[in-house]
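If you want the building blocks of each chain, they are given just below.
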Amino acid sequence: MGRLTEIAPGVLVATSTYAMTTSTVVVGSSGGCLLVDPAVTVADLAALAGELADRGLRPAAAWSTHPHWDHVLWSAALGGAPRYAAPAAVTLLATERGAMLEQLGQSAPGHDLELVGRMQALEGTAIPWDGPDARLIVHDGHAPGHGAVFLPDSGVLLAGDMCSDIEIPLLDTEEKDPLGDYRTGVERLASVPGVRQVVPGHGHIGDSGELRRRLGLDTAYLDAMSAGRPYQDPRLTADSPEWMRDMHESQVRYFQA
Ligand SMILES: [Zn+2]
């Protein structure tokens, strides 16, 4: 786990060596902070809790951007703050809990399973907490109840598992309209005014130009897939992990069917 780095006033990001997964901390008032997607390994969470303590911070609220195992983790050392996710995400966490815990056990074993995925459904357009405005952009692209967070004071967009520089669009082909859902997500993110930095769930932080570049790449990928055209996404390379190459192949097959 890399150390927490301040990318904008009061916004800190740590990046795990596991799939370049990002964890974000937003500093609030009197030592409270908002913690988004703390991840990924047991050691990562221990390091994160230690760094927060060193900085005199404690989570006052937490948000999970979407109901996948690597975005719904927690440890006792992070305390008892309310943990929120979008309603559709909370529903999926309940119905898919068994499969999710199995994936977690294979990929990042050793977590306290009682704490995994214990979110409460949050209706509304902002995270209720005593700190900088944290607006929610909820859609069903990538996963049901995918909720990006925009911090208007600092211009930081926490994009969840979209807008990555190292991942192709990963569609939830279990849902009825994965393409439409993903396009809606891209449109919503593209229309957020005042983004100065984007923090993807996996990958590098980018500026506003980089956000536009990634959204363009995502759209080009979706256009090619839906038209059944062969397409070489620059983010899919010989160095890409096997699971992503497999996902790409299965998305090609999905649209050919
Ligand atoms: Zn995901």
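Now for a look at the structure at hand. (Residues numbered from 1 in each chain as written. Predicted model: local features only at pLDDT ≥ 70, side-chain atom pairs only at ≥ 80, totals over all residues. Heavy atoms only, no water.)

Considering a negative patch on the surface
A cluster of acidic side chains, namely Glu96, Asp140, Glu174 and Glu175, defines a negative patch on the protein surface. Note on placement: Glu96 falls in the loop between helix 2 (87-95) and helix 3 (97-107). For Glu96, a relative accessible area of 40% translates into the label partly exposed. (Patch = residues over 30% accessible without salt bridge, like charges linked within 9 Å, V, L, I, M, F, W, Y side chains within 5 Å. Areas by Shrake-Rupley, 256 points an atom, 1.4 Å probe, with all protein chains shown as cover. Salt bridge = Lys/Arg side-chain N within 4 Å of Asp/Glu carboxyl O. Lys, Arg positive; Asp, Glu negative; His and termini not counted. Charge placed at Lys NZ, Arg CZ, Asp CG, Glu CD. Helix = DSSP H or I, 4+ residues; strand = E, 2+ residues; numbered from the N terminus. Buried < 20%, exposed > 50% of the residue type's maximum accessible area, 1.4 Å probe, protein only.)

Focus: the sheet that holds strand 7 (residues 120-121)
Strand order in the open sheet made by the 7 strands is 1-2-3-4-5-6-7, with mixed pairing throughout. Of all the strands in the sheet, just strand 1 (5-8) and strand 7 have a single pairing partner and so form its edges. Where strand 1 and strand 2 (residues 11-15) come together, 3 bridges link them in antiparallel fashion. Along strand 2, the bridge assignment pairs Glu6 with Leu12. Taken strand by strand, helix 1 (residues 42-54) contacts strand 3 (22-27), strand 4 (32-36) and strand 5 (58-63), and its axis lies near 160° from that of strand 4. (Pairing = 2+ DSSP bridges. Contact = heavy atoms within 4.5 Å. Axes fitted to C-alpha atoms, helices over the stretch in contact; angles between N-to-C directions.)

Concerning the packing of aromatic side chains
Tallying each qualifying case throughout the model produces 3 aromatic pairs. Between Tyr18 and Trp69, the aromatic rings sit 5.8 Å apart at their centres with planes inclined by 80°, giving edge-to-face as the arrangement. Taken together, the residues span a long stretch of sequence, with Tyr18 in the loop between strand 2 and strand 3 and Trp69 in the loop between strand 5 and strand 6 (83-85) at a distance of 51 residues. A centroid spacing of 6.2 Å and a plane angle of 75° characterise the contact between Tyr221 and Tyr231, whose relative ring orientation is edge-to-face. (Phe/Tyr/Trp six-rings, centres within 6.5 Å; stacked < 30°, edge-to-face > 60°.)

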